[in-house]
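Residue-level listing of the chains:
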Amino acid sequence: MRRPVAFFLGLTALAALGAPAASASTAPADSLRYLLEKNGRGAGWFSVSRRLDASGNQVYRGTGEKPGSYKLRRCEIVTTPAWVPVHLSLKISAGGQALEIETEFRDGKAISEGKAAGSRIPLPEAKIEGQCFVLPSSSPPALALLSDFLAKHDAATYKAHLKAFAPPLVVDLEVTGLGTRTVPAGGTSAQVRAFELKLHVPRQRGQQTGRTISLILHQYPDGRFHGFETPDDQTRAYPLPADATIDGIAAVFPEKALKFASGADSLAGSLMLPAPDPARPGPRGALVFVSGSGPSDRDETVAGFAVFRALAEKLAAAGYASLRYDDRGVEDSGGDYGQVTMDILARDAVAAALALRARPEIDPARVGVLGHSEGAILAAQIAALLAQQSGQPPWCVVMMAGSPHAGRDIILQQQEHGLQVGGFSPEQVEHKRALQRQVFACVDGRADWASVLAMADTTETQALEMQRDFIESPWFKSFLDYAAAGWLKPLKAPLLVLHGELDTQLPPAHGAALRDSLKAAGNERVSYVPARGVNHLFQVAKTGEADEYAELKPELAPGVAERIAAFLGMCERLK
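Remember, predicted model here, so these are calculated numbers, not experimental data.

Novice: Tell me about the overall build of the protein chain, and name the residues and values.
Specialist: Check the secondary structure of the protein chain and you find eleven helices and 26 strands. For the protein chain, with 575 residues in total, the buried portion stands at 54%.

Novice: Please provide a residue-by-residue account of the pattern of salt bridges, values included.
Specialist: It is possible for side chains of opposite charge to pair when their charged atoms get near one another. The tally for this structure, following the rule as stated, stands at 31 salt bridges. Note that Glu 572 and Arg 366 form a salt bridge whose closest N and O atoms lie 2.8 Å from each other. Note that Glu 572 is positioned in helix H11 (residues 560–574) and Arg 366 in strand E23 (residues 362–372), a separation of 206 residues in sequence. Given the relative accessible area of 12%, Arg 366 is considered buried. The network of salt bridges with common partners includes Glu 255, Asp 299, Arg 309, Glu 313 and Arg 324.

Novice: Go over the side chain of Ser 473 with me, naming the residues and quoting the values.
Specialist: For Ser 473, the position within the fold is in the loop between helix H8 (458–471) and helix H9 (474–481). Under the relative-accessibility criterion, Ser 473 is labelled buried at 11%. For Ser 473, the side chain forms a polar contact with the main-chain oxygen of Phe 470, separated by 2.7 Å.

Novice: Help me get a handle on the packing of helix H3 (residues 342–357) against helix H4 (residues 374–390), residues and values and all.
Specialist: One way to put it is that H3 packs onto H4 with a least axis distance of 8 Å and a crossing angle of 60 degrees. Judged on the interaxial angle alone, H4 and H3 are oblique. Handedness of the crossing formed by H3 with H4: right-handed. The residues of H4 that touch H3, namely those facing Met 342, Asp 343, Leu 345, Ala 346, Arg 347, Ala 349, Val 350, Ala 353, Leu 354 and Arg 357, are Glu 374, Ile 377, Leu 378, Gln 381, Ile 382, Leu 385, Leu 386, Gln 389 and Ser 390. Split by residue class, the contact of H3 with H4 holds twelve nonpolar, three polar and four charged.

Novice: I'd like to hear about H4, residue by residue, with values.
Specialist: The first and last C-alpha atoms of H4 sit 24 Å apart over 17 residues, in line with the 24 Å expected at 1.5 Å per residue. Its maximal kink placed at Ala 380, H4 deviates by approximately 35 degrees. Taken across its 17 residues, H4 has 13 buried, putting it largely inside the fold.

Novice: Requested: an account of the environment of His 200, with residues and values cited.
Specialist: Mapped onto the elements of the fold, His 200 is located in strand E13 (residues 188–201). Sequence-wise, His 200 and Thr 212 are twelve residues apart; in three dimensions their C-alpha atoms are separated by 4.6 Å. Every residue in contact with His 200, bar those within four places of it in the chain, is listed here: Val 171, Asp 172, Glu 174, Arg 211 and Thr 212. A polar side-chain atom of His 200 sits 3.0 Å from a polar atom in the side chain of Glu 174. A distance of 3.1 Å separates a polar atom in the side chain of His 200 from a polar atom in the side chain of Thr 212.

Novice: Any chance you could break down the sheet that holds strand E26 (residues 526–531) for me, citing the residues and the numbers?
Specialist: What links the strands of a sheet is backbone hydrogen bonding, and the strands pair in either a parallel or an antiparallel sense. Taking strand neighbours across the sheet as the criterion, the eight strands line up as E17-E18-E22-E19-E23-E24-E25-E26 in an open arrangement whose pairing is mixed. The open sheet has two edge strands with one neighbour each: strand E17 (255–262) and E26. Adjacent strand axes in the sheet meet at a mean angle of 25 degrees, parallel and antiparallel pairs treated alike. Strands strand E19 (284–290), E23, strand E24 (397–400), strand E25 (495–500) and E26 of the sheet are contacted by H11, whose axis makes an angle of about 170 degrees with E25.

Novice: Can you break down the packing of aromatic side chains residue by residue, with the values?
Specialist: Considering all chains together, one arrives at 14 aromatic pairs under this definition. Where Phe 46 meets Phe 228, the ring centres are 6.2 Å apart and the plane angle is 15 degrees; that geometry is what we call stacked. Separated by 182 residues along the polypeptide, Phe 46 in strand E2 (residues 41–52) and Phe 228 in strand E15 (residues 225–230) bring together distant segments of the chain. Side by side, Phe 46 and Phe 228 carry an identical accessibility label, which is buried. Between Phe 260 and Tyr 325 the ring centres are 5.7 Å apart and the planes differ by 85 degrees, which places this aromatic pair in the edge-to-face class. One end of the pair, Phe 260, is in strand E17; the other, Tyr 325, is in strand E22 (residues 321–325), and 65 residues separate them in sequence. As far as burial versus exposure is concerned, Phe 260 and Tyr 325 are alike and both buried. Feature note: the residues Tyr 34, Phe 46, Phe 225 and Phe 228 constitute an aromatic cluster, connected by ring pairs. One Lys or Arg, Arg 224, reaches over the ring of Tyr 220 and ends 4.3 Å from the middle of that ring.

Novice: Would you mind going over the environment of Ser 293 in detail, with residue names and values included?
Specialist: Mapping Ser 293 onto the fold places it in the loop between E19 and strand E20 (301–302). Among the residues examined, Ser 293 registers a relative accessible area of 1% and is labelled buried. When the C-alpha positions of Ser 293 and Glu 374 are compared, they lie 5.3 Å apart, and in sequence the two are 81 residues distant.

Novice: Run through the pairing of strand E16 (residues 235–239), naming residues and quoting values.
Specialist: When you tally the buried positions in E16, you get five out of five residues, the bulk of the element. Two strands pair when backbone bridges link them, and strand E1 (residues 33–38) and E16 are joined in this way by five bridges, in the antiparallel orientation. Bridge pairing in E16 links Lys 38 to Thr 235. Here three bridges tie E15 to E16, and the two strands are oriented antiparallel to one another.

Novice: Go over the pairing of strand E18 (residues 265–272), please, and point to the residues and values.
Specialist: Extensive coverage of E18 is indicated by the burial of six of its eight residues. Linking E17 to E18, which pair antiparallel, is a turn of two residues; within it Gly 263 sits at a positive phi near 65 degrees. Two strands pair when backbone bridges link them, and E18 and E22 are joined in this way by four bridges, in the antiparallel orientation. Looking at the pairing, Leu 271 lines up with Leu 323 of E22.

Novice: Any details on the confidence of the model for the protein chain? Residues and values, ideally.
Specialist: Mean pLDDT over the protein chain stands at 85; residues scoring 70 or higher make up 90%. Counted against residues more than four places away or in other chains, residues 1–31, with its pLDDT under 50, gives 109 contacts.

The rules behind each value
- Residues numbered from 1 in each chain as written.
- Predicted model: local features only at pLDDT ≥ 70, side-chain atom pairs only at ≥ 80, totals over all residues.
- Heavy atoms only, no water.
- Helix = DSSP H or I, 4+ residues; strand = E, 2+ residues; numbered from the N terminus.
- Buried < 20%, exposed > 50% of the residue type's maximum accessible area, 1.4 Å probe, protein only.
- Salt bridge = Lys/Arg side-chain N within 4 Å of Asp/Glu carboxyl O.
- Polar contact = N/O pair within 3.5 Å; in protein donor to acceptor, adjacent residues only side chain to side chain.
- Axes fitted to C-alpha atoms, helices over the stretch in contact; angles between N-to-C directions.
- Parallel < 35°, antiparallel > 145°, perpendicular 65-115°, else oblique.
- Left-handed = near helix turned anticlockwise from the far one by under 90°.
- Contact = heavy atoms within 4.5 Å.
- Nonpolar A, V, L, I, M, F, W, Y, C, P; charged D, E, K, R; others polar.
- Expected span 1.5 Å × (residues − 1).
- Bend = angle between axes of the 7 residues up to and from the residue.
- Pairing = 2+ DSSP bridges.
- Phe/Tyr/Trp six-rings, centres within 6.5 Å; stacked < 30°, edge-to-face > 60°.
- Lys NZ or Arg CZ within 6 Å of the ring centre and 35° of its normal.
- pLDDT = per-residue confidence, 0-100.

So, in structure tokens, the structure goes:
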């Protein structure tokens, strides 16, 4: 099932920011490049720049990145010399899912437009009164701007209650001067002016109480921005040292950028190679990774867990190469994800497999397909199309958390699970089932949108309108009618079916049904492995529910990658 885009209303803890760069160049004292450090270890970077535009307005810009997860692609804040906000432009991606916000400040209002995964997000206007600072989620340029404002104030005595705009909310900002202090800055220390910032966020729908987000802003003695710290989670930021290294950025194994054509579009990915092995010279066996549903980056990052990167490194350690690629319209790949269908996604994967076969480091006879979730559902079609186009079927196929069932049946089953755990009354359950079927009827052309809204209550109407672009997308219609079962008969390559026994998105019955369908279709080389205590992302889990993902260790459960490597070893012996 498609992974939903999580839209957080600003004010994500600023420690969430970070970025990829294995090493840093020399950073002078007034460097505009900063290291993010968590628990004493490098965890990312960000950059900040300042300039005046032709109108004399102040323009603050920045970018940043966290390994395998969060990327601040663009943040630009424009203010007048008197610190009155003029414009905000923000683009964030997490797990390949992009969030964009554009805000104009005029006539005492903040007027915003939002977009997530290509779909418009309605954002309410916010009333701006008095001194208000723009503090969008995880935005170091905003902190640099606030630092410049505070530079003229006494760090020992200053106290103020200000306002901050964190799209789409205006919240209270409490500032307290803490005087001067000495803080760690890599292997050295620095003397800084310090101000405590407290953002008081009011209670939102579905929350019991509001919350307060705190951090300490650091300045050089002359008032220039030095960095910040969030004491609660042991995160700090400071000018990037010359010898900085960032955990999780530098690949353990060599990687090569790879671009390949799929139709009229160019897709981008990373080819991870195992270390040279004198005992096994020559081209290597490899897998193409095909991600789950929703716009995904090459690492298939979900809730901070880079599933495919973790798997690629494990397989490289076992001697196998892999190609991970960004979905079309995501990160460095061209095209428009908003126009994809299941068939287009399958053909993109075939193009990736053909590109992998053409690499000199890879044995073209040993290129297999590994699909996760939707990628596993598509794997049989990918194998069939690959054989049709090249005359050579895949070396092997790995299906992780797949299903042979039609998309609409999967959605109904997921809805049923949500209703069971949601505490709805029998009347509410029946209503929501009927509403879901009416949505299907609308997509099938048997009903119109007005008939869907006529069945919905006020809350459901708002949710439906926000999801309308998605519901009417080519992908959703193609997914409803798609079933892997129709592609299984010609699939004769060796197969490994892996399924987590705590998977609640596609419960383990789907894996067992896939195994049975494959055998019924005549494939005698099927290995089926139910993974105990493992969720949909193949993490060690407690409940398996999606809302638990972010609480778990961002790593594969023991034995998952090893089982895949053992399967590939068996496929080596079969040739």
